[in-house]
Amino acid sequence: MHADEFGFGTQIRKSPYFDATVRWGATGFSVYNHMYIPRDFGNPEQNFWNLVNDAILCDVAVERQVEITGPDAARFVQMLTPRDLSKMAVGQCKYVLITNAEGGILNDPILLRLAENHFWISLADSDILLWAQGVAVHSGLDVHICEPDVSPLQLQGPKSGEIMKALFGDEIMDLKYYWLRELTLDGIPLIVSRTGWSSELGYELYLRNSAHGDALWERIMAAGMEFGLKPGHTSSIRRIEGGMLSYHADADIKTNPFELGLDRLCNLDMESDFIGKAALRRIRDEGVKRIQIGLIIDADPLKGPNTTFWQINHDGVEVGKVTSAVYSPRLERNIALAMVAVEHAHIGHQLEVVLPSGPTTATVVERPFFDPKKSLAAA
């Protein structure tokens, strides 16, 4: 299949790796941050096994960067998130939440600090560039906000370290979990971080010049050949096993951090002000009415992830919804993340889930479903 066989217009952007992914077998795409992302290389279950046994290379150029620079950059970035950034070092990455005035979550990105006054917000799917520019207009702070020419790839899986060593030499093994480094590969400018959306050992390679997209993809695939590297896509199976959020599915503008059990990302008693501080304090003090849970769903193996929210009932009354569900071939279970009324959230509780095929029973379990201490990713 050739790239020109897809009927794509110009209003949705193609990544610098687009042609390479089509060459390497991408058969389906979805849209994320106004850009096409490969979502299908033939078999999602095989993609999962490739990820957990060897390594996969994923085009995640859709993780657009919001770049914040200027004398007040650090103060401005702290305004956007309830997470305390006062001890964030240059070269460090942090998982943060961006909240609005009501305490709702606008995005759950990775924040990278490239220099004292140079930050990237590596986005999930929502228009934070516009939000940040709007906040800046009325902030009185001296900052410059733009979307730079930066396109990440994810190299994920247990063999990813060996592949990185083949590409960059032994020194790359010193890169710690959630830290970054400025590097070049064959003259291609990169930021490399020990992060990723897989719960496995992994790296993200942020290309700083889209003209090199094709060359970078081919160079990594060539280096990874002997380690079993395959082209792939972010795995719904693995990320649900790991309890990782998908924005617009498990969280949205009407979801607050406490409903997701993400209190650790909110320092509501720090001196610094941030958008949503008063609302989040009120939510904390009043308590939440619903909360995220893990579920095991009793049914034949699901054929793929859910494409709609499935209603959850108890004694004939609606008490919540399944937000992300998939069959895990490793756990041999249908696993799901769901949002339910707090009184139905205790472990072992039985609920009814209305699947497209009809109602079935489900049991509340601990999440994440696999490797709860993230020992694989942080090793």
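Above this text you will find the structure in question.
Everything numeric in this text was worked out from a predicted model, so none of it was measured.

Draft legend 1. Main features of the pairing of strand E14 (residues 202-207). Across the six residues of E14, six count as buried, placing the element largely inside the fold. Burial along E14 is two-sided: the face carrying Gly-202, Glu-204 and Tyr-206 and the face carrying Tyr-203, Leu-205 and Leu-207 are both buried. Looking at chain direction, strand E11 (residues 151-156) and E14 are connected through six bridges and run antiparallel. In the strand pairing of E14, Gln-156 is matched with Gly-202. Bridging between strand E13 (residues 188-193) and E14 involves four bridges; their strand directions are antiparallel. When the bridges of E14 are listed, Leu-190 appears paired with Leu-207.

Draft legend 2. Structural context of the layout of surface pockets. Roughly 220 Å³ of volume is contained in the second largest pocket. Surrounding the second largest pocket, Ala-74, Arg-75, Gln-78, Met-79, Leu-85, Ser-86, Arg-113, Phe-119, Ser-139, Leu-141, Ser-272 and Asp-273 form its lining. With four residues, the single largest contributor to the lining of the second largest pocket is helix H3 (residues 73-80).

Draft legend 3. Region of interest: the state of the cysteines. With the rule as written, the count across this model stands at zero disulfides. Cys-58 carries a free sulfur, and the closest cysteine sulfur to it, the one in Cys-93, is 18 Å from it. Among the cysteines around Cys-146, which has no disulfide bond, Cys-93 carries the closest sulfur, lying 18 Å off.

Reading guide: rules and limits
Residues numbered from 1 in each chain as written. Predicted model: local features only at pLDDT ≥ 70, side-chain atom pairs only at ≥ 80, totals over all residues. Heavy atoms only, no water. Buried < 20%, exposed > 50% of the residue type's maximum accessible area, 1.4 Å probe, protein only. Helix = DSSP H or I, 4+ residues; strand = E, 2+ residues; numbered from the N terminus. Pairing = 2+ DSSP bridges. 1 Å grid on protein atoms, 1.4 Å probe; cavity = no way out; pocket = protein on both sides within 12 Å on 5 of 7 lines; lining within 4 Å. Points joined across faces, edges and corners; volume = space filled by probe spheres on them. Disulfide = S-S within 2.5 Å.

Read these as geometric descriptors, not functional statements.
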